[in-house]
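Here are the chains, one letter per residue:
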Amino acid sequence: MYEKLQQLLDKTNKTAYQVSKDTGISTATLSSWKNGEYRPKVEKLKILADYFGVSIEYFLE
């Protein structure tokens, strides 16, 4: 999942910090996803999907 997020960050020239500020999802949460410690909940995926203009399924592929 984080690889997809990283692709969107690169594509939009945004940082995890910017996404955190804009969405309210903490940088710690984003890091825990990156490290494979936690899997994102559907509510958080929906926020990210809306933020980047993609479907939730994009993250699940």
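Before reading further, recall that the structure is shown in the block above.
I will try to describe carefully the structure that is included in this document. In this text the structure is predicted, and so the values were computed from the model without any measurement.

A few points about the packing of aromatic side chains
And step 1. Summed over all chains, the structure comprises 2 aromatic pairs.
And step 2. With centroids separated by 5.5 Å and ring planes inclined at 80 degrees, the aromatic side chains of Tyr58 and Phe59 adopt a geometry described as edge-to-face.
And step 3. Positioned above the aromatic ring of Tyr58 is the side chain of Lys4, whose terminal nitrogen or guanidinium carbon lies 4.8 Å from the ring centre.

Some words on the nonpolar core
And step 1. Leu5, Leu9, Trp33, Leu48, Phe52 and Phe59 are the most contacted members of the largest nonpolar core, which totals 14 residues.
And step 2. Sorting the residues of this core by element identifies α1 (2-12), α3 (27-34), α4 (42-52) and α5 (56-60) as the ones contributing at least two each.
And step 3. Excluding anything up to four places from it in sequence, Trp33 contacts Met1, Tyr2, Ile25, Tyr38, Arg39, Pro40, Lys44 and Leu48.

Basis of the calculations
- Residues numbered from 1 in each chain as written.
- Predicted model: local features only at pLDDT ≥ 70, side-chain atom pairs only at ≥ 80, totals over all residues.
- Heavy atoms only, no water.
- Phe/Tyr/Trp six-rings, centres within 6.5 Å; stacked < 30°, edge-to-face > 60°.
- Lys NZ or Arg CZ within 6 Å of the ring centre and 35° of its normal.
- Core = buried A, V, L, I, M, F, W, Y, C linked by side-chain atoms within 4.5 Å.
- Buried < 20%, exposed > 50% of the residue type's maximum accessible area, 1.4 Å probe, protein only.
- Helix = DSSP H or I, 4+ residues; strand = E, 2+ residues; numbered from the N terminus.
- Contact = heavy atoms within 4.5 Å.

Everything listed is a geometric property; what it means functionally is a separate question.
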